[in-house]
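Residue-level listing of the chains:
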2 protein chains.
Amino acid sequence: MFSKFLSLEKEKQERILNAALKEFAQKGYDDASTNEIVKEAGISKGLLFHYFNTKKDLFLFLYDYSVEITKTEYYGLINTNERDIFTRLRQIYLLKLEVYHKHPWLFDFTKVAVYTESKEVKAEMESRKKDVLSTGYEKLFENIDVSKFKDGVDVKRAMKIIFWAIGGFGNEILEEVKELELSQVDYDGILSEFDAYLEMLRKCFYK
Amino acid sequence: MFSKFLSLEKEKQERILNAALKEFAQKGYDDASTNEIVKEAGISKGLLFHYFNTKKDLFLFLYDYSVEITKTEYYGLINTNERDIFTRLRQIYLLKLEVYHKHPWLFDFTKVAVYTESKEVKAEMESRKKDVLSTGYEKLFENIDVSKFKDGVDVKRAMKIIFWAIGGFGNEILEEVKELELSQVDYDGILSEFDAYLEMLRKCFYK
DNA sequence: TAACTTTTTGACCATAATGGTCAATAATAT
DNA sequence: ATATTATTGACCATTATGGTCAAAAAGTTA
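Residues numbered from 1 in each chain as written. Chains lettered and ligands numbered in written order. Predicted model: local features only at pLDDT ≥ 70, side-chain atom pairs only at ≥ 80, totals over all residues. Heavy atoms only, no water.

This part covers the protein's contact with DNA strand D. Close contacts around DNA strand D come from 16 residues, with Ala32, Thr34, Lys45 and Lys55 of chain A together with Tyr51 of chain B the closest. Of all atoms in DNA strand D that approach within 4 Å of the protein, 55% are sugar or phosphate atoms. In the environment of DNA strand D, a phosphate oxygen lies 3.1 Å from a nitrogen or oxygen atom belonging to the side chain of serine 33 of chain A. Measuring from a phosphate oxygen of DNA strand D, one finds a side-chain N or O atom of asparagine 35 of chain A at 2.9 Å. Mapped onto the surface near DNA strand D, the elements with two or more residues apiece are helix 3 (34-41) and helix 4 (45-51) of chain A together with helix 4 (45-51) of chain B. Top contributing element to the surface near DNA strand D by residue count: helix 4 of chain B, with 4 residues. Looking at the surface near DNA strand D residue by residue, the classes come out as 5 nonpolar, 8 polar and 3 charged. (Near = heavy atom within 4 Å. Polar contact = N/O pair within 3.5 Å; in protein donor to acceptor, adjacent residues only side chain to side chain. Helix = DSSP H or I, 4+ residues; strand = E, 2+ residues; numbered from the N terminus. Nonpolar A, V, L, I, M, F, W, Y, C, P; charged D, E, K, R; others polar.)

Printed below as a string of structure tokens:
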């Protein structure tokens, strides 16, 4: 069905995909404009509809594509054998940073798609959401070794604090990094800053 | 200039204001529709333009209104004499929850307004931003008593962690609470949950 | 070279939505 | 009953929408 599109060179595919993800992520299904997408992607109107019949088909293709990427490049790579929550979350956030760089609008798009209220696509989204991977949020905390926490610490709450703190740090970094090229990012600086925070939290909650 | 609008009954004013704040907050200046606003506010098209000449005037009025509210009902009420960071942030977040309830779209709108790229209003926003109140973020941490922190703790980082954790908690609550009526909100439950988190953080970082 | 296939274009549709107007109606005050 | 004010919504020109399609450009095969 999308074979024509899929046999394009990767670079062009990505350009179109990114443009479309961005537009939908920013405006939602109804308000997203195919004109904007083709302008941003640098292709003609006709070509977009040549690849993806309709706006709706494009949207649903993007969703399936996003789920696939999320599975193979994010959730699928989370190592649930790592039972130390700090090491685990460290790994996960580095992963997320990478995915973010390769697909800057993927997470935003997924969120918009899942929560869309648009009549045109809601039904299709609803049926897709049924066979979705476990939310991932659960996966973050799956099989964590709780015996490492100090006695008397409410582990659930502690994990939430850790989660929020890392999320806050992550968002701050993401803001800074969003515009930059991968090569411009000071990975080492970010990492040592990150580790300083993890170390503080470890001292707070671990034995 | 907006005297006609300002002499309306408060209830109607609020209805119009909230509808407009919501539409602009959700779609940004360019994509916001005055038709949507009047529909949501339950007034006729003509009336909106009778009160606020143009879409642009409405937008700028809303911004000034938002700044005013933020000043008088939020930043202005922060007690910087309270030097304990936990007590301070506790107070601030309760305040924020209240403002959120009275004006659910105010914070989102302000953000959208400040970051807008729309040609129609960018210049006016730029000049307004100059004489803006200190960002508030600074005010959160102004005059905090750092001597209460454990020796050897990097206070700056600790405060960030505290800030992120509270922000995370706050957002979670906001999500839950957004739709509800003020009377339906289980303030006591939220508060005791909040206090449990604050207590944990206090144990982490205070002497 | 020429014939044929595939990819790509953008001017062009009907339709719908946009910000804004204004004569006319309804509500209120005198 | 008259004058004033508040409110309506059909209407306007303009712009944007998702989608089409004949034709041009690029690529392939001979």
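Each partner contributes residues to the interface: chain A has 20 residues there, and chain B has 20 residues. Carbon and sulfur atoms make up 69% of the area that chain A and chain B hide from each other, which totals about 1900 Å². A per-residue breakdown of the area chain A buries against chain B is headed by Arg157, Trp164 and Met200 of chain A, which together make up 35% of the total. Across the contact surface, chain A and chain B share 6 salt bridges. (Contact = heavy atoms within 4.5 Å. Buried area = accessible area lost by both parts, 1.4 Å probe. Salt bridge = Lys/Arg side-chain N within 4 Å of Asp/Glu carboxyl O.)

All right, on to the environment of isoleucine 43 of chain A then. Residues and elements named next belong to chain A. Structurally, the position occupied by isoleucine 43 is in the loop between helix 3 and helix 4. It is 9.5 Å that separates the C-alpha atoms of isoleucine 43 and arginine 15, two residues lying 28 residues apart in sequence. With sequence-adjacent residues up to four places away left out, isoleucine 43 is seen in contact with Lys12, Arg15, Ile16, Val38 and Leu48.

The next point concerns the protein's contact with DNA strand C. Tyr51 of chain A together with Ala32, Thr34, Lys45 and Lys55 of chain B are the nearest of the 16 residues found near DNA strand C. When the atoms of DNA strand C within 4 Å of the protein are grouped by moiety, sugar and phosphate amount to 57% of the total. The separation between a base oxygen of DNA strand C and a polar main-chain atom of glycine 46 of chain A is 3.4 Å. For the surface near DNA strand C, the secondary-structure elements that each account for two or more residues are helix 4 of chain A together with helix 3 (34-41) and helix 4 of chain B. With 4 residues, helix 4 of chain A is the largest single contributor of residues to the surface near DNA strand C. Grouping the amino acids of the surface near DNA strand C by side-chain chemistry returns 5 nonpolar, 8 polar and 3 charged.

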